[in-house]
Each structure stands twice: as structure tokens, then as C-alpha cells.
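Next come the chains, spelled out residue by residue.
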Amino acid sequence: MKQKPPLSFWQIWNMSFGFFGIQFGFALQNANVSRIFETLGANIEDIPILWIAAPVTGLIIQPIIGHLSDNTWGKLGRRRPYFLFGAILASLALIIMPNSPVLWVAAGMLWIMDASINVSMEPFRAFVGDMLPSKQRTVGFGMQSFFIGTGAVIASALPYVLTNWFDISNTSIGNTIPDSVKWSFYFGAIVFMAAIIWTVVKSKEYSPEELESFESNESKIEKSIVSKSNNTKYNMIGGISLVTGLVLSFLFYFLNYEKELYILSFGLIAFGLIEFYGGLLYKQKKENGFLEVITAFNDMPKTMVQLAFVQFFSWFALFAMWIYSTAGVTSHIYDMKADAEMINQLEVNLSQFSTIEGDEQIHNIQTELDNYKLKLQKSSSVSLSMKVVKFYLSGSEFLDAEITERMKHIESEYNTGADWVGVGFAVYNGAAAILAFFLMFLARVTNRKITHALALVVGGISLASIYFISNPDLVLIPFIGIGLAWASILAMPYAILTGSLPTNKMGTYMGIFNFFIVIPQILAASLLGFFIKELFGGQAIFALILGGISMIVASILVVFVKDND
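Just so we're clear, the structure is a prediction, and the values are computed from it rather than from any experiment. (Residues numbered from 1 in each chain as written. Predicted model: local features only at pLDDT ≥ 70, side-chain atom pairs only at ≥ 80, totals over all residues. Heavy atoms only, no water.)

1. Notes on the pattern of salt bridges
Here is step 1: One pass over the structure, following the stated rule, counts 10 salt bridges.
Here is step 2: One salt bridge connects D70 with R78, and the closest N-O pair in it is separated by 3.7 Å. The residues D70 and R78 share a single accessibility class, namely buried.
Here is step 3: Notably, a salt bridge pairs R78 with D130, separated by 3.4 Å at the nearest N-O pair. Here R78 is found in the loop between helix 4 (53-70) and helix 5 (80-96), whereas its partner D130 is found in helix 6 (residues 103-131), with 52 residues between them in sequence. Both residues of the pair, R78 and D130, belong to the buried class. (Salt bridge = Lys/Arg side-chain N within 4 Å of Asp/Glu carboxyl O. Buried < 20%, exposed > 50% of the residue type's maximum accessible area, 1.4 Å probe, protein only. Helix = DSSP H or I, 4+ residues; strand = E, 2+ residues; numbered from the N terminus.)

Here it is as C-alpha cells:
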């Protein structure tokens, strides 16, 4: 039997180049969507629930696309049709997203955009497993990390660059998105499409017959993960999940906890029902794609199970950073403060707004002001949310000149800080692009487990250290350490995992592996808003500390992973 031939540097370059466009889109999303939500009036503690569309979409889309791409073959090959179709949809979504007139439209567009990006992204992971021999897989995933970092560094910095180099406004009138953000998304749509087309045109794929002829220990791997499921296993997993979900739902209801927590409990209930249905299909011997995905999930290789825990804590940390970096940095480091006198004046002015705003919005702002007064019992000042600032600036004729100027100053500080967070995101992605090559070298002289563990420790410490920074210029330093962790997260787990998977199910298992990226994101969306409100006193910066701790936990768990390859 033949071995897969090693590919040249430029062949690996071409097959990975599409990730430049994919991450360009993801970086625009990660760096700016929370800003868009806040600009359109979202509360800080509500932002995670608005982000829930992204991970839920990935949870559903990626295993489906993985399974379909495993069983696709046409003129464009096996994986490339999905690259192209996803790119077309994602480019359209990038154009529409920054023009969202209201919050619910923006949340809906996030769902569509994330679904489209997932269609393109999932087959790229399996593409490396399809095309590269074992000894080149670390290089292949490392090359993807390079393009992810390169694309994201440009995309993350775009609003700042457009404002400071090309004098495009980063402020907005009312609840509209700044022009600098809009033009960044338009440019991103073009880059996304062009990068994917490059990979589709410049790369080829092995035919199913060629893949079958290659020897890469697949016969041994196949025997080790043939279906061990039975009806009892489906029912046991389903029963545990269903009961846990029901108990948590009743607990949240009787304790009157935040509605976001039901995402966790209802998710467990849904998963339990899916397992029961899978067990029914298995008992009736009705084989289909749904049963294949569920069976593959239940029969995951040992290495994949171990990596699942590493991924869980790694991506919980990343999701905390993506959601709360803007709110955390701007409120903790920039001058967005108001004292008790200003809050009292705003409360007096609130009654005058009843003539131009609805009762519900007045009530929401009053609730915000009441929360500020509670915080002021323990502190001399509070950071105003953009929801409150935008509200009062919409009726600035009711405010005295001093208050109006202060509100404009806070809005300016927020936009400056948000742009600087975008630069920070550019720094961590740029660091990832450069350090991806260092990680390839480190993995060669040590091993992939040691490399990944060290990178996660550095990333976790860096993320938590933002709390101790008061000078905005110094905020960029921790993002270098975060970039090291990001480069490793994008490469090492996949390089380790691929060696334990059969080629004919590579896409399916890569899609299932995405569960352990998505599940922590759903959990973060369920819990972070609750933590911010109930435990952290509304201070978003503590979400970054929690994320840092989570990443360090992931580094410890790497030690227990078995690397077969």
C-alpha cells in the first residue's frame, strides 16, 4: 500500500491560504460584534446571550458538514465545494451585518454569518488530514495558524487603521454603527471570497480511491474505533443528560435564577432526547447520517475524549475574552466613570425623557441607575454603560452643558478603548502568526503535549494580568502571550487528534470535535452574564480573570492526553 507523498511548502501554503479569509471574517466578528450590540442598546450582562447564536450554529452545522463532506465527491473534490459555498454566504453576511438597524437584526445576522463561516471552516481541518502524511500534519495545522493570525491581525486592526490613517469616523449618530466598522466589514467580505477562491483553484484533492490506497495506520485505527455502542449505552447517556437537565431547570426556576442559565439545562434535555432517538434508530437498525454522527460521538477514541477536556477549558477562556475584552478594558482602564452627583442628576433628568421615549426604555434606564446607586455605596464612582450614554445623548437638549460634555467624553473614551481592544486583538493574532513557526520548532525538539501545555500557561497568565494594568499602552503586552496560546490552540490539538482518526470519517470526527469548542461557549453564554451581574458586581474585567484561570486548568489537563502519532 502506498504512503501519502509529502507536499511542498507552496502546496501546503496554497491549501491553507483560505484560512486567511475565514479568520478575517471571524476576527471582524470577534472584535466588533459586542461593540455593535452595545451600540444598538444591549446591556453588558445580556451580551453573552446575544452571542449564543454563534456556538449553537457551530454545534449543529459542523458535524453535518463534516459528515456530508466525508461522503461528497464531484468536480471540485470532497471538501472544496463547502469552502466555496460557505464563502459566498459569509461574504454576503459580512456586508449586511454592520447595517443592522436594530439589535434583533444584528443578533440574527450573527447567526447567519457564523453558520456560513462554519460551512467553510469545518472541512479545512479535515483537509489537512486528507492531504498530508503524519509527519507533516503539525506543519499543516501550523500553517493554518499562520494564516489565521495573519488574516486576523489585519481584520482586528482595521477600524483603528481606517480611523487613524484614513480619517474615517469611529463615532456614530444615534444607534448606528460607525463608518470605520462598516467599511471594515465590506473589505472583509472581499478578502474572505478571494482567499477561498485561491485555495479552491490552487489545490487538488485525492480521489476516494487514492485515499483508500494510502497506508497511514488507518486499518489499525479503524479496528480500534469500530462501533462499541449498543442500545443500553444510548439510553444510559440519554437518561443521565435528561435527568440532569430537568433537575437543573427546576432548580433555576425555584431559585429564580437568570434566564440565560436555562440554555445549559435545556441543552442537556435536548441532548438526552437526541441520545434516546439514536438508541431507537440503532435498535431498529435504521442506518443514516444522524445515527452515524451520534454513534461516532459515543465511540470517540480515547485521545479525543482526553482532548475534549483540554478544549473545553481553552475555549471557555477564549469566549470570555472575546465577549468581555471590550467592556472589561474600556470600563476598567478608560475614563468612563460617573460619581454619585452625576447619577443623581441623570435620574432627575430621566422624567423629561418620557415625552420622547417609551415606558419600557425609561424603566430599563431607571433600573440601570438604581444599580449604579447600589454600587456607589461601595465605590466612589461607576463606569457607565454605552446603553445609558446613548440614551441620554439622544435627548441631550434635556441635559445641562456639563453633563452633555461628560457623556460625549465617555462615548469618545469608549470608542477609543474599543478601537484599542481591536488593536490588541490584532497583536494577539499577529503574535500567533509569527509564533506558529516557533511552536513547530518547539514541538519538534520536545513534543506536542509539552508545547501546548506551555503555551496555555503563558496565555492564561497573560489574560488574567490585564486586570493589573492601568495604562492603555501596556494592554498590548498580555495579548502577545495570548497570541502564543491562540497559535497552539489552533494547531496542536488537531495535530494530536488527527493521528487517532480514520481517513474515511475524518470530517465527521472533526465536526464532533467542534462540540468541545462549542459547548464551553454555550456554557460561557449561560454563566458569564450571571457571574458578571451576581458575583462580579457588574465589572466585566473579572470575566477575563476567570478566563485566565480556565486556560491554566486546560494546560494541566494536556499532561494526561495520549498522543498516538
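Now, onward.
2. Describing the side chain of T330
Here is step 1: Along the polypeptide, T330 turns up in helix 14 (residues 302-333).
Here is step 2: With a relative accessible area of 2%, T330 lands in the buried category.
Here is step 3: Among the polar contacts listed, one links the side chain of T330 to the backbone oxygen of A327, at a separation of 3.3 Å.
Here is step 4: Residue contacts for T330: discarding those within four places in its chain leaves S325, M336, Y414, G417 and A418. (Polar contact = N/O pair within 3.5 Å; in protein donor to acceptor, adjacent residues only side chain to side chain. Contact = heavy atoms within 4.5 Å.)

3. Focus on the nonpolar core
Here is step 1: Ranked by size, the top nonpolar core spans 136 residues in total, and within it I22, M97, W322, Y324 and W486 carry the most contacts.
Here is step 2: A per-element tally of this core places helix 14 first, with 17 residues.
Here is step 3: Apart from residues no more than four positions distant in its own chain, I22 is found in contact with I117, S120, M121, F124, F192 and I196.
Here is step 4: One finds L369, Y372, L393 and A418 within the second-largest nonpolar core, a separate group that totals 25 residues. (Core = buried A, V, L, I, M, F, W, Y, C linked by side-chain atoms within 4.5 Å.)

4. Things to note about unusual backbone geometry
As a rule of thumb, non-glycine residues mostly have phi less than zero, and peptide bonds are mostly trans rather than cis.
Here is step 1: The backbone of D167 sits at a positive phi, close to 60 degrees, despite the residue not being glycine.
Here is step 2: The topology assignment puts D167 in the loop between helix 7 (137-166) and helix 8 (179-202).
Here is step 3: D167 sits in the exposed class, given a relative accessible area of 71%.

5. Details of helix 24 (residues 541-558)
Here is step 1: Along its 18 residues, helix 24 runs 27 Å from first to last C-alpha, staying within 8% of the 26 Å computed at 1.5 Å per residue.
Here is step 2: Restricting attention to buried positions, one finds in helix 24 the residues I541, A543, L544, G547, G548, S550, M551, A554, S555 and V558. Considered in projection along helix 24, the buried side chains sweep an arc of 165 degrees and stay on one side of the axis.
Here is step 3: Here the buried face of helix 24 lies against helix 14, helix 19 (448-465), helix 20 (476-489) and helix 23 (515-534). (Expected span 1.5 Å × (residues − 1). Arc of directions from axis to C-beta.)

6. What about the packing of aromatic side chains?
Here is step 1: Taken as a whole, this structure holds 37 aromatic pairs when the rule is applied.
Here is step 2: Ring geometry for F297 against F515: centres 5.7 Å apart, planes inclined by 50 degrees, an arrangement best described as tilted. Separated by 218 residues along the polypeptide, F297 in helix 13 (residues 289-298) and F515 in helix 23 bring together distant segments of the chain. Like F515, F297 is buried.
Here is step 3: For the ring pair Y467 and F468, a centre distance of 5.2 Å and an interplane angle of 90 degrees mean the geometry is edge-to-face.
Here is step 4: Cation over ring: R125 sits above Y494, and NZ or CZ is 4.0 Å from the ring centre.
Here is step 5: When the ring centre of W198 is taken as origin, the NZ or CZ atom of K202, which lies over that ring, is 5.2 Å away. (Phe/Tyr/Trp six-rings, centres within 6.5 Å; stacked < 30°, edge-to-face > 60°. Lys NZ or Arg CZ within 6 Å of the ring centre and 35° of its normal.)

7. Here's the deal with the side chain of S16
Here is step 1: Note that S16 resides in helix 1 (residues 9-16).
Here is step 2: Look past the residues within four positions of S16 in its chain and what remains in contact with it is G140, M143, Q144, F147 and T199.

8. Digging into a nonpolar patch on the surface
Here is step 1: On the surface, a cluster of nonpolar side chains totalling about 540 Å² of accessible area is made up of V457, I461, I552, I556, V559 and F560.
Here is step 2: Looking at the nonpolar patch, the elements with two or more residues in it are helix 19 and helix 24.
Here is step 3: Relative to the helices and strands, I552 is located in helix 24. (Patch = residues over 30% accessible without salt bridge, like charges linked within 9 Å, V, L, I, M, F, W, Y side chains within 5 Å. Areas by Shrake-Rupley, 256 points an atom, 1.4 Å probe, with all protein chains shown as cover.)

9. Focus on the environment of L476
Here is step 1: Following the sequence through the fold, L476 ends up in helix 20.
Here is step 2: Among the residues examined, L476 registers a relative accessible area of 18% and is labelled buried.
Here is step 3: Separated by 91 residues in the primary sequence, L476 and S385 have C-alpha atoms spaced 23 Å apart.
Here is step 4: Ignoring anything within four residues of it in the chain, the contact list for L476 reads W420, V423, G424 and V427.

10. Details of the confidence of the model for the protein
Here is step 1: On average, residues of the protein score 82 in pLDDT, and 91% of them are at 70 or above.
Here is step 2: Residue range residues 216-226 is modelled with pLDDT below 50. Its contacts to residues more than four positions away, or to other chains, number 17 contacts. (pLDDT = per-residue confidence, 0-100.)

11. Things to note about the packing of helix 7 against helix 8
Here is step 1: Packing of helix 7 against helix 8 leaves a shortest axis separation of 8 Å and a crossing angle of 120 degrees. Taken together, the axis directions place helix 7 and helix 8 in an arrangement best described as oblique. Crossing angle aside, the handedness with which helix 7 passes helix 8 is right-handed. Touching L158, P159, L162 and T163 of helix 7 are S180, W183, S184 and F187, all from helix 8. (Axes fitted to C-alpha atoms, helices over the stretch in contact; angles between N-to-C directions. Parallel < 35°, antiparallel > 145°, perpendicular 65-115°, else oblique. Left-handed = near helix turned anticlockwise from the far one by under 90°.)

12. Focus: the environment of Q144
Here is step 1: Within the secondary structure layout, Q144 lies in helix 7.
Here is step 2: Residue Q144 is classed as buried on the basis of its relative accessible area, which comes to 1%.
Here is step 3: Between the C-alpha atoms of Q144 and I552, which are 408 residues apart in sequence, the distance is 24 Å.
Here is step 4: Contact partners of Q144, with chain neighbours within four places excluded, come to S16, F19, F124, R125 and V128.
Here is step 5: Within the structure, Q144 has its side chain in polar contact with the side chain of R125 (distance 2.9 Å).

13. Some thoughts on helix 12 (residues 262-283)
Within an α-helix, residues lying three or four positions from one another point in the same direction, as the helix has 3.6 residues per turn.
Here is step 1: End to end, helix 12 covers 31 Å across 22 residues, agreeing with the expected 32 Å (1.5 Å per residue, within 8%).
Here is step 2: Regarding helix 12, the residues found buried are Y262, S265, I269, G272, E275, G278, G279 and L281.
Here is step 3: One or two positions beyond helix 12, positive phi appears at K285, with a value near 55 degrees.

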